[in-house]
2 protein chains.
Amino acid sequence: MPELRAYALSLSLDGYLAGPDQGPDAPLGVGGERLHAWVTATGAWRDRHGLPEPGAADPVDERFAARGGGDEVGATIMGRNMFGPVRGPWRDASWRGWWGEEGPFGHPVLVLTHHAREDLVLGDGTRFRFVTGGPRAALDLAREAAGDRHVRVGGGAATVRQYLAAGLLDELHLAVVPVLLGAGERLFADDLGAAASGYEVVEHAPSSTVTHMRLRRRAQP
Amino acid sequence: MPELRAYALSLSLDGYLAGPDQGPDAPLGVGGERLHAWVTATGAWRDRHGLPEPGAADPVDERFAARGGGDEVGATIMGRNMFGPVRGPWRDASWRGWWGEEGPFGHPVLVLTHHAREDLVLGDGTRFRFVTGGPRAALDLAREAAGDRHVRVGGGAATVRQYLAAGLLDELHLAVVPVLLGAGERLFADDLGAAASGYEVVEHAPSSTVTHMRLRRRAQP
Ligand SMILES: NC(=O)c1ccc[n+]([C@@H]2O[C@H](COP(=O)([O-])OP(=O)(O)OC[C@H]3O[C@@H](n4cnc5c(N)ncnc54)[C@H](OP(=O)(O)O)[C@@H]3O)[C@@H](O)[C@H]2O)c1
Ligand SMILES: NC(=O)c1ccc[n+]([C@@H]2O[C@H](COP(=O)([O-])OP(=O)(O)OC[C@H]3O[C@@H](n4cnc5c(N)ncnc54)[C@H](OP(=O)(O)O)[C@@H]3O)[C@@H](O)[C@H]2O)c1
């Protein structure tokens, strides 16, 4: 059965997926780039992003970075803040994402936003579609596009939180990173309550850099 | 130099030191007992609490559980909620702590509270002193009692948070536990901001059960 999954979300020890003050020079917020060091060191990640091979990364990190790759995922959902630093109504169509014309997707990407915008097609054929109908509408479109493949929730915090709170996420892979950001976008907020307890950690795999935790939704009683 | 240290605080993946609804039957809040499974399995902990030796615990867990033991610590500070489940003014002196008459302390214990109470002396000589003057007053009393030994902040969340926010804590050892509690007492709250970034992770030591992170206050610039 195709699932809704979040892969390789990097969580700071104090609970943030991004630092404060996101902007053109700080896609992950101030200090947030430290969250991604483990993944950008992997061959799986660099390969997907068309970068030269790095030195040897931790094999546990490699294994987790490879998940969600290849043909496993047929569509991605992301929040408008992950898509870019532009806020409010789109003045023009000049912002085309962080990823360049040859992005890592190769499948449709649904962007949650309150501000309608025409579809955007990258040079590699990746189509971004801007969805104003909320997370369930985005999920319906993503499932239709993905067919028998999984749908990925790419991030950021506000987006993952909504799919968690609604109990729609089947799997959530977190890498707990030993840094404190002090402020930013929190993943597990107090309002999650019972929804958070609908999940359990099914795999706990420390590497030399981070601790990977794979969570699955508990079977409904 | 004697320091102010918190040892072996067990933090859930979603950021809590205790679950919700603390009470006589749930000292760590509902579901919170899962936080302590790693430490109660260690010889160091069972020895300190006068319990029979367990089977073999993870050696990394043993090493961390042993810290703060012996004569290293000369006084402990804790919050009134960690001391017990009684809330509001003390009706009588019948609550004598969770630890029985032969507790794990063997040194003065300063309890932060808004409600004055006479000193309480356990059968093993441990003296609890109830401090209404706030965290700095408790720290002064603890330092005086500890002499050239360290002062331990035992918990809970509200108490550790105040010493962190004031930049008074020198060291903080956390064990990140792969469970979600969904609600409870949060350690790193959004109001910590700059104070949290005054700390850095100096040791990242995963065991088979938890991930130990030892944080130290950064040198002042
Ligand atoms: N640590 C990691 O692994 C990781 C992974 C991915 C991303 N990130 C980072 O996370 C940050 C972004 O996270 P974030 O929490 O700030 O934001 P986000 O989830 O990416 O986007 C939030 C925005 O999406 C739109 N949106 C969300 N829910 C909606 C709904 N129900 N209906 C309509 N629009 C909706 C809103 O934008 P508008 O109202 O403005 O349209 C909202 O402000 C970035 O820094 C990114 O780099 C980190
Ligand atoms: N996970 C772990 O490793 C760990 C470790 C230790 C404890 N715990 C758990 O943590 C929980 C307790 O944490 P908590 O956050 O609820 O509370 P806490 O920090 O133990 O105690 C908070 C209480 O202490 C008093 N207090 C705190 N600051 C004060 C101040 N500045 N001035 C005067 N009084 C002050 C107040 O009590 P009053 O106003 O009522 O007097 C306040 O409600 C318990 O479940 C305990 O078992 C967990």
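Residues numbered from 1 in each chain as written. Chains lettered and ligands numbered in written order. Predicted model: local features only at pLDDT ≥ 70, side-chain atom pairs only at ≥ 80, totals over all residues. Heavy atoms only, no water.

1. Examining the site of ligand 2
Residue and element names in this part refer to chain B. Taken together, 26 residues surround ligand 2, and among them L17, P27, T113, H114 and T159 come closest. One nitrogen or oxygen atom from the main chain of M82 is found 2.9 Å from an oxygen atom belonging to ligand 2. Here an oxygen atom of ligand 2 and a backbone polar atom of L112 are 3.3 Å apart. Considering ligand 2 on its own, with 940 Å² of exposed area, one finds that the protein chains cover 88% of that surface. Sorting the residues of the shell around ligand 2 by element identifies β1 (4-12), β2 (16-18), α4 (80-83), β7 (150-155) and α6 (157-165) as the ones contributing at least two each. In terms of residue count, α6 provides more of the shell around ligand 2 than any other element does, four residues in total. Looking at the shell around ligand 2 residue by residue, the classes come out as eleven nonpolar, 13 polar and two charged. (Near = heavy atom within 4 Å. Polar contact = N/O pair within 3.5 Å; in protein donor to acceptor, adjacent residues only side chain to side chain. Areas by Shrake-Rupley, 256 points an atom, 1.4 Å probe, with all protein chains shown as cover. Helix = DSSP H or I, 4+ residues; strand = E, 2+ residues; numbered from the N terminus. Nonpolar A, V, L, I, M, F, W, Y, C, P; charged D, E, K, R; others polar.)

2. Considering the packing of aromatic side chains
Centre-to-centre distance and the angle between the planes together describe a pair of aromatic rings. Enumeration over the complete set of coordinates arrives at 16 aromatic pairs over all chains. Judged by centre distance (5.6 Å) and plane angle (65°), the ring pair of B:W90 and B:F130 falls under edge-to-face. Of the two residues, B:W90 sits in the loop between α4 and β4 (109-112) while B:F130 sits in strand β6 (residues 127-131), which places them 40 residues apart along the sequence. By relative accessible area, which is 14% here, B:W90 ends up buried. What makes B:F130 buried here is its relative accessible area of 9%. An aromatic cluster is present here, built from A:F83, A:W90, A:W99, A:F105, A:F128 and A:F130 joined pairwise through their rings. One cation-aromatic arrangement involves A:R80 over A:W90; the distance from NZ or CZ to the ring centre is 4.1 Å. Between B:R117 and the ring centre of B:W90, over which it is positioned, the NZ or CZ distance is 4.8 Å. (Phe/Tyr/Trp six-rings, centres within 6.5 Å; stacked < 30°, edge-to-face > 60°. Buried < 20%, exposed > 50% of the residue type's maximum accessible area, 1.4 Å probe, protein only. Lys NZ or Arg CZ within 6 Å of the ring centre and 35° of its normal.)

3. As for the UniProt feature "domain: Bacterial bifunctional deaminase-reductase C-terminal" (unreviewed entry) in chain A
Feature annotation in UniProt places "domain: Bacterial bifunctional deaminase-reductase C-terminal" (unreviewed entry) on residues 10-190 of chain A, given in this structure's numbering. Helix makes up 24% of residues 10-190 of chain A and strand 22%, whereas the separation of the span's terminal C-alpha atoms amounts to 19 Å. (UniProt positions renumbered as here; feature names shortened; annotations may be inferred.)

4. What to know about the site of ligand 1
Residues and elements named next belong to chain A. Neighbouring ligand 1 are 26 residues, the closest being P27, T113, H114, T159 and Q162. Q22 is positioned such that a nitrogen or oxygen atom in its side chain is 3.0 Å from an oxygen atom of ligand 1. Contacts to ligand 1 include T159, whose side-chain N or O atom sits 2.7 Å from an oxygen atom. The fraction of the free accessible surface of ligand 1 (940 Å²) that becomes covered by protein chains is 88%. Where the shell around ligand 1 is concerned, the elements lending two or more residues are β1 (4-12), β2 (16-18), α4 (80-83), β7 (150-155) and α6 (157-165). With four residues, the single largest contributor to the shell around ligand 1 is α6.

5. Remarks on the pairing of β1(B)
Residue and element names in this part refer to chain B. Summarising burial for β1: nine of the nine residues are buried, a large majority. Summarising the sheet, β1 and β7 pair through two bridges and their orientation is parallel. Within the sheet, the bridge partner assigned to L4 lies in β7 and is V151. Where β1 and strand β8 (residues 171-177) come together, six bridges link them in parallel fashion. Each bridged residue has a counterpart across the sheet, and for L9 the counterpart in β8 is L174. (Pairing = 2+ DSSP bridges.)

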